[in-house]
Amino acid sequence: MKKQVFEFHPVGLDLFDKRPHHPPVGARVVKTQPAGCPKNGTMGHTFIADAETGKFIGLVLVKSLKKVT
């Protein structure tokens, strides 16, 4: 199954989070679900990985992700 690709456009707290694990604006990402972590969507957050490499990036707000058509 192919994963839905999103572009990262920070909103809310993601605008102020300057930790190095956040992707640059416009980066293409996919949602991922690390083992043992809360389910994606819990409290409006989701885990993401790089769309091309699959490398885990971190936790962002769901509203910071825009579907790529």
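Provided above is the structure to which this section pertains.
Residues numbered from 1 in each chain as written. Predicted model: local features only at pLDDT ≥ 70, side-chain atom pairs only at ≥ 80, totals over all residues. Heavy atoms only, no water.

Draft legend 1. Representation of the pattern of salt bridges within the structure. Counted according to the given criterion, the structure contains 1 salt bridge. We note a salt bridge from Arg28 to Glu7, for which the minimum N-O separation is 3.7 Å. Of the two residues, Arg28 is situated in strand β2 (residues 28-32) and Glu7 in strand β1 (residues 5-8); the sequence distance between them amounts to 21 residues. The exposure class assigned to Glu7 is partly exposed, which follows from its relative accessible area of 24%. (Salt bridge = Lys/Arg side-chain N within 4 Å of Asp/Glu carboxyl O. Helix = DSSP H or I, 4+ residues; strand = E, 2+ residues; numbered from the N terminus. Buried < 20%, exposed > 50% of the residue type's maximum accessible area, 1.4 Å probe, protein only.)

Draft legend 2. Quick peek at the side chain of Thr32. By the element assignment, Thr32 lies in strand β2. A residue is classified by how much of its surface remains accessible, and Thr32, at 19% relative accessible area, is buried. Not counting the four nearest positions on each side in its chain, Thr32 is found in contact with Lys3, Asn40, Phe47, Ile48, Ala49 and Phe56. (Contact = heavy atoms within 4.5 Å.)

Draft legend 3. Geometry of the nonpolar core. If you look at the biggest cluster of nonpolar residues, it comprises 7 residues: Phe6, Phe8, Val29, Ile48, Ile57, Val60 and Leu65. For this core, the secondary structure elements donating two or more residues are β1 and β4 (56-61). Residues in contact with Phe8, not counting those within four places in the same chain, are Asp14, His22, Pro23, Pro24, Val25, Gly26, Ala27, Val60, Ser64 and Leu65. (Core = buried A, V, L, I, M, F, W, Y, C linked by side-chain atoms within 4.5 Å.)

Draft legend 4. Spotlight on a nonpolar patch on the surface. A contiguous nonpolar patch, built from Leu13, Leu15 and Phe16 and spanning about 370 Å² of accessible area, is present on the exposed surface. Inspection of the secondary structure assignment puts Leu13 in the loop between β1 and β2. (Patch = residues over 30% accessible without salt bridge, like charges linked within 9 Å, V, L, I, M, F, W, Y side chains within 5 Å. Areas by Shrake-Rupley, 256 points an atom, 1.4 Å probe, with all protein chains shown as cover.)

Draft legend 5. Main features of the pairing of β2. Bridge analysis of β1 against β2 gives 3 bridges, and the strand direction is antiparallel. Along β2, the bridge assignment pairs Val5 with Val30. Where β2 and strand β3 (residues 45-50) come together, 4 bridges link them in antiparallel fashion. Residue pairing for β3: Val30 is matched across the bridge by Ala49. (Pairing = 2+ DSSP bridges.)

These values are about where atoms sit, not about what they do.
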